[in-house]
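Fold and geometry: a report
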Protein chains: 6
Amino acid sequence: MKKLVLTGAAGRLGSYLREPLSKMCDTFVSTDITDGPKTLFENETYVKADLADLDAMVDLLNGADMVVHFGAVGDEAPFETLLGPNFVGAYNIWEAAYRNKLRRVVYASSIHAVGMHKKTDFIGIDAPHRPDTFYGLAKCFAEDLASMYWDKRGLESVCMRILSCAQVSNPRAVGTWLSYDDLIQLVQRSIDTPITGFSVVYGVSNNDRAPVDNSKAQHLGYRPKDNAEQFASEIYAQNEPLDPHDPANTHHGGPFSSIPLGESGVAHLNLNPDDTAKND
Amino acid sequence: MKKLVLTGAAGRLGSYLREPLSKMCDTFVSTDITDGPKTLFENETYVKADLADLDAMVDLLNGADMVVHFGAVGDEAPFETLLGPNFVGAYNIWEAAYRNKLRRVVYASSIHAVGMHKKTDFIGIDAPHRPDTFYGLAKCFAEDLASMYWDKRGLESVCMRILSCAQVSNPRAVGTWLSYDDLIQLVQRSIDTPITGFSVVYGVSNNDRAPVDNSKAQHLGYRPKDNAEQFASEIYAQNEPLDPHDPANTHHGGPFSSIPLGESGVAHLNLNPDDTAKND
Amino acid sequence: MKKLVLTGAAGRLGSYLREPLSKMCDTFVSTDITDGPKTLFENETYVKADLADLDAMVDLLNGADMVVHFGAVGDEAPFETLLGPNFVGAYNIWEAAYRNKLRRVVYASSIHAVGMHKKTDFIGIDAPHRPDTFYGLAKCFAEDLASMYWDKRGLESVCMRILSCAQVSNPRAVGTWLSYDDLIQLVQRSIDTPITGFSVVYGVSNNDRAPVDNSKAQHLGYRPKDNAEQFASEIYAQNEPLDPHDPANTHHGGPFSSIPLGESGVAHLNLNPDDTAKND
Amino acid sequence: MKKLVLTGAAGRLGSYLREPLSKMCDTFVSTDITDGPKTLFENETYVKADLADLDAMVDLLNGADMVVHFGAVGDEAPFETLLGPNFVGAYNIWEAAYRNKLRRVVYASSIHAVGMHKKTDFIGIDAPHRPDTFYGLAKCFAEDLASMYWDKRGLESVCMRILSCAQVSNPRAVGTWLSYDDLIQLVQRSIDTPITGFSVVYGVSNNDRAPVDNSKAQHLGYRPKDNAEQFASEIYAQNEPLDPHDPANTHHGGPFSSIPLGESGVAHLNLNPDDTAKND
Amino acid sequence: MKKLVLTGAAGRLGSYLREPLSKMCDTFVSTDITDGPKTLFENETYVKADLADLDAMVDLLNGADMVVHFGAVGDEAPFETLLGPNFVGAYNIWEAAYRNKLRRVVYASSIHAVGMHKKTDFIGIDAPHRPDTFYGLAKCFAEDLASMYWDKRGLESVCMRILSCAQVSNPRAVGTWLSYDDLIQLVQRSIDTPITGFSVVYGVSNNDRAPVDNSKAQHLGYRPKDNAEQFASEIYAQNEPLDPHDPANTHHGGPFSSIPLGESGVAHLNLNPDDTAKND
Amino acid sequence: MKKLVLTGAAGRLGSYLREPLSKMCDTFVSTDITDGPKTLFENETYVKADLADLDAMVDLLNGADMVVHFGAVGDEAPFETLLGPNFVGAYNIWEAAYRNKLRRVVYASSIHAVGMHKKTDFIGIDAPHRPDTFYGLAKCFAEDLASMYWDKRGLESVCMRILSCAQVSNPRAVGTWLSYDDLIQLVQRSIDTPITGFSVVYGVSNNDRAPVDNSKAQHLGYRPKDNAEQFASEIYAQNEPLDPHDPANTHHGGPFSSIPLGESGVAHLNLNPDDTAKND
């Protein structure tokens, strides 16, 4: 591949992806709204740009083969806050990709697009949208947009619904963990699969208790290696029994299934001090 | 019911609904972005207002029991054109309804939310979204928003996916026709059904060739009476055989399944001179 | 048919069935635990007997072709109260039918076998059991028993899951009504269908808002004629808006979905003074 | 339509179709392997021809818009007997239609393509093939052929799986009857539907006990009017109880589900003396 | 966990579970109707008690967090024999658990609840009940009871449908084997999973030929390690070809699918002399 | 097993199977239309015979327990070319097996029976037939025949739908590869499984990107060991991006989904010089 672009490159997950993605292409362009990383990889160029600026996005994607789109506000927030970066920003990426004749958008969607389904329902990739937050609603919007750009314009997309890509620090994550290695595998296969059309896939490791069903995404060949069961007994021992009637415990979205719409859910995520940003 | 609000009241379909809706409530408020109708029904008040103005919407819905939301740009257009009235406008309606503690939003969704499915696939109300246009994408957005406001905030919604509410003037409409009488029945039952939660239902008459499946919406009790088969032989005789490889003929969205994204589809709709606006 | 037996013949529904059933056979035997009706139909014999007495049941069914089993305690009650008549009584009927080589048991099952499903889920006859009361649990037990007697012993059964066979007097019944005429049709077709194997069918009229799906029972040919929509506007006008979070309003079992296990639900059924017994 | 061709025109069902089909086109060509009817309709031409002769079929379909293919051996027979007319004959029709650029083949398939499913399984048009005879196997072959000619060559087909198009004279037919009027409607709609692609539909009247599900064929608009329930009580009274373990009674294929492969099933069909040929 | 109770502790499977369960809690109470084991584990108390005695069960569960319910007659027997221990006994356990505010019942259900399904049907946990014996009918009863106690009273349950927890000694067991290690894992995960609501899961090892589908129980995280394929060639070599028309060979219940109702099936189970009790 | 027969023994796949099959039986008979192999295994007899000759097949199968049927023209060809060996030949094998009272036919079916489904549809063994060629149509015919011989005559069959049993030399094969070792395992389990009835299973290795779903064939215990992912990066690096609108890339049949009916597809299969014959 000649040129690959990564948005959200300064975010937590974007930071993990820069190195492996840089090795998959001749020219690697990373972008975010901040000043960017201090050091770059050998074939990497960093461009500071705003997702909400369509012209900037059209320039950015010029000559690219694919774009890996991780840029967005990574937490629940009022609709008005997300409208620019998460909604219009998604439109700008697909529209810019179309105008530049890219082959594919690889997109960081989220479990929160379907977060109001119950965890005792083992949902597949074709479960109806049931967003749990405005954050999740933006993921639904981008997935439907991706579907339409494929159906009407032949632009491919892979929408990776990431579950919990962070250290395992609470009972929910024993099922929802996506290790960094598995994240990298998932992105790589979303890129190297010859034909994807419009595809959806859950981003979760090979956890014994993984609550979602990727069988209909098998053409992508994603086969995770890590398993959060190794952390189960310690995590369970540290926690009190959970309330079986709180959606935070019973629904796929976890804490986002319980928090009020528009209010930050970060406090509920038990991230380590080092994990100051999130994408789930 | 004490107070009922109708948006899009100056549009073609809104105009048909004002009289029957005014009879279902003590106070009937109609609204649109234009100057409104010249004569009003007995208990009707007309308010000129912009859907994209959240404060105006919050004022408008004050004290209402339900809102019937038909206001939107009624044709395919560039994303930027639809962003205000069709996307933000929908958010404003649900948010205003929530803040005013309304019971329910009755919403004019559209077949174009699922227009890229094939007509030989008899789709139910749970078919995945496959929008055919930005117009349809806005319907997907509003449906997912409605789902979330029910799941998280207990605000009910009925999303009526209207097919073709206009005179039968082309072969597609022999299957997709929704007569005005059946439209009225559909809206009435969406209002009088005691409990709806989040419901989706197709707005189509009892046509022999109706291509969609309402069986899972039976709790709404919608049972249409009209049947476009009466027009079939005349319409078919007037038309040349259709190309079986053109999405306009084979997909649920009809002409919208074929037109370029962002371009008006009105010319393809064969509306009568009297039918200068559309909602399908 | 030579001989037909009806249990629960002194109950409310049994009383409606005696005349039509007496016309379908040479010898008609009705039975209940009480003294029975004062006047009998021409070919009718009444036998006072206890369902919980297996020997009595074996005697009763001697020489019969089929048994129509409506006998049971017709309300929620403690498990210990229902154990004899509703659980053991059902076993006794199937066992007596088997020993006497009857062809078929036609059984008054109930929506309460699946009453904890949501009404927005349009459930078919193959929905998993989700009983709402011990009363409903006894129906589940009898259905599974019926399935086994067919699979292992070739004794046929039709389990009619009756919804609300009483005057329409509350909003729920606009969807769940089973008219007496339709009840009679249902029982007749359960008898005259040449082959039934083990079949389940919902007993509900042709209501616009009937919340259950009989399509997989079509081999029984049950096609109801009555429609409770005629009562809808009057009933709805008499009632306050319903709480959309009370299972009594949102679940198939209606009030039985809300009442405590083991406590009578009669008070919630709004039966007319004349309707002092129930079977739903 | 300019030219329409009917094969099997001298058969029982073909004879019923000649008049209505002749009215749907400018030129009507009927064909069979026998000498043909004595009198022809106004625009009708009769051609004696052998289905097993590809060149003859190519000549026959020259200039036609569609072919209605009812020609075949209409009974179970050894594979070797059916190989020419029912297997190779079907190939010849589709191949000749393709070479002559016809738009569509309307085909008399049969319930016997799926006759080994149980009647308590309410099968849809997408039930897997389960033929009951070599006769049914030939229907499976032709349906798969039709599917392929659509997928690979864009030639449309409607495969009408006819149940029992004959007088109602046995208990099975109370469910499986297809009246002649409904047959004619079915063929007409298979012709006049603008787009069919590859479609399958069951040919059965609006019987209360119709054991098959046409809901996924609704785009064809077939809505039968007749109902064999009118014959039920008389037919049932004339018959002894049926053995619930004989596939002839329990499976969709009726007597064909029981007869030995390769042996004629005509004796089991209870046809009237006037009904000396069959197509079911 | 503070206190855990195991019923059926003197049975074959119960004996395997005492040690691992005793390590999961502070206080471990084992119970059965016999005199109990000679030696106890460190924190174990043994109580002799009758499942059919509700008061005894209420006393037994006082202060417990969960109960693991393996107590029952472990073989097919007449209904009257099973009524006390298997039916009423199950009611007593759930009722006693409710009165003592336990969190969860972990229950030894059985494949015999669905034993009349065919093995070529790869059944999931939501397959309809099809019991093969009165023994299996009692399992159906307890599962429906468990469903109701969750829906109405918030008491959780895991119903483990055990297949063949015994040495592999016949061709069926190559598919149905549950090793003791896997049994222990299954029980442990049924206990330690934070939220289960009402869950069903098949108890079977990771056999190549395991005939049931646990995918919808993935939230329990049960991932068996053993595989009976190691025994396949030896077992197959020792056995004559099986009759493909005997339900004992073709149905999930194995010999129980063939034995007469009410008669012991132990002779068909090929247990080793050491395996004198059974639970499957 | 006493006697086992292999047809197509001189073909590429047949050659791989002779040795392992010879070890599973006392007498091993291999057959093909050519002169056969130069050297035979110890218990092997080679018979030159024509599949299209029923009498020869009846003689060949005399005294056999099972037949493994790989004989056929192994490429797309005109219908007339395939009619004898692939259609009539299949009939002859099943008919000869029936007349000789064999227990089972193990058949080399092909992905081309369902080759017109899209690869993004993860198809199970019950996906409807959608043949891509006359070659695939013959596989559909044989599968339906196999179904009927089981339903009507009790003759078992396993239809193995082989994907790509050849060296991995193109991007499609990264998903569709069946290694020779896995082929052998598949055939062995199709033979040694005690009861198969009529079963279908996909013949594909344990590839990360295997596009088909064998879960409903689990009773056969086929668990492949090889994984073509080892070849993925090299193969992908050698190939240009694929056209996402060419059925050869998007449909299960691969090049056969694109080639004209009746024309050889061998040139598209990228076989090595050593792989001069094919069966996929």
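Residues numbered from 1 in each chain as written. Chains lettered and ligands numbered in written order. Predicted model: local features only at pLDDT ≥ 70, side-chain atom pairs only at ≥ 80, totals over all residues. Heavy atoms only, no water.

If you check an unreviewed UniProt entry, chain A appears there as NAD-dependent epimerase/dehydratase family protein from Yoonia rhodophyticola. In its Sequence similarities (unreviewed entry) section, the UniProt entry covering chain A states "Belongs to the NAD(P)-dependent epimerase/dehydratase family." (UniProt positions renumbered as here; feature names shortened; annotations may be inferred.)

What follows covers the overall build of chain A. Counting its regular elements, chain A contains eight helices and nine strands. A compact globule built from 280 residues would reach a C-alpha radius of gyration of about 19 Å, and chain A, at 18 Å, matches this within 12%. Based on the C-alpha atoms only, the size of chain A along its principal axes is roughly 55 × 35 × 35 Å. Within chain A, buried positions represent 65% of all 280 residues. When the accessible surface of chain A is split by element, carbon and sulfur atoms take 48% of a total near 9700 Å². (Helix = DSSP H or I, 4+ residues; strand = E, 2+ residues; numbered from the N terminus. Rg over C-alpha atoms; globule rule 2.2 N^0.38 Å. Buried < 20%, exposed > 50% of the residue type's maximum accessible area, 1.4 Å probe, protein only. Areas by Shrake-Rupley, 256 points an atom, 1.4 Å probe, with all protein chains shown as cover.)

Applying the stated criterion across every chain, the model contains 78 aromatic pairs over all chains. Geometrically, the ring pair formed by A:Phe134 and B:Tyr91 is edge-to-face, given 5.8 Å between the ring centres and 75 degrees between the ring planes. In this pair, A:Phe134 sits in helix 4 (residues 134-153) while B:Tyr91 sits in helix 3 (residues 79-99), so the two residues belong to two different chains. Of the two residues, A:Phe134 and B:Tyr91, both sit in the buried class. For the cation-ring pair, B:Arg153 lies above B:Tyr98, with the distance from its terminal atom to the ring centre recorded as 3.8 Å. (Phe/Tyr/Trp six-rings, centres within 6.5 Å; stacked < 30°, edge-to-face > 60°. Lys NZ or Arg CZ within 6 Å of the ring centre and 35° of its normal.)

We now examine the UniProt feature "domain: NAD-dependent epimerase/dehydratase" (unreviewed entry) in chain A. UniProt annotation of "domain: NAD-dependent epimerase/dehydratase" (unreviewed entry) refers to residues 5-162 of chain A when read in the numbering used here. For residues 5-162 of chain A, the helix share is 37%, the strand share is 22%, and the end-to-end C-alpha distance is 20 Å.

Take the relation of the copies chain D and chain C next. At an RMSD of 0.0 Å, chain D and chain C line up after a rotation of 120 degrees and a shift of 0.0 Å along the axis. Taken together, the turn and the small shift mark the pair as related by a three-fold rotation axis. Residues of chain D ranked by C-alpha distance from the rotation axis are headed by D:Ser215, positioned 6.0 Å from it. (Least-squares fit on C-alpha atoms with pLDDT ≥ 70 in both.)

Across all of its chains, the model carries zero disulfides over all chains by this definition. Not engaged in a disulfide, the cysteine F:Cys165 finds its nearest cysteine sulfur in F:Cys159; these two sulfurs lie 17 Å apart. (Disulfide = S-S within 2.5 Å.)

Let us look at the interface of chain B and chain A. At the interface, 30 residues of chain B touch 30 residues of chain A. Taking both partners together, chain B and chain A bury about 2600 Å²; carbon and sulfur atoms supply 67% of that area. If you sort the residues of chain B by the area they bury against chain A, B:Met148, B:Lys152 and B:Leu261 come out on top, with a joint share of 25%. Our count for the contact surface shared by chain B and chain A stands at two salt bridges. The tally of links from chain B across to chain A stands at twelve residue pairs in polar contact (both at pLDDT 80 or more). Contributions of two or more residues to the side of chain B that touches chain A are made by helix 3 and helix 4 (134-153) of chain B. When residues of the side of chain B that touches chain A are assigned to their parent elements, the largest contribution, twelve residues, is made by helix 4 of chain B. Taken together, the residues that form the side of chain B that touches chain A break down as 18 nonpolar, five polar and seven charged. (Contact = heavy atoms within 4.5 Å. Buried area = accessible area lost by both parts, 1.4 Å probe. Salt bridge = Lys/Arg side-chain N within 4 Å of Asp/Glu carboxyl O. Polar contact = N/O pair within 3.5 Å; in protein donor to acceptor, adjacent residues only side chain to side chain. Nonpolar A, V, L, I, M, F, W, Y, C, P; charged D, E, K, R; others polar.)

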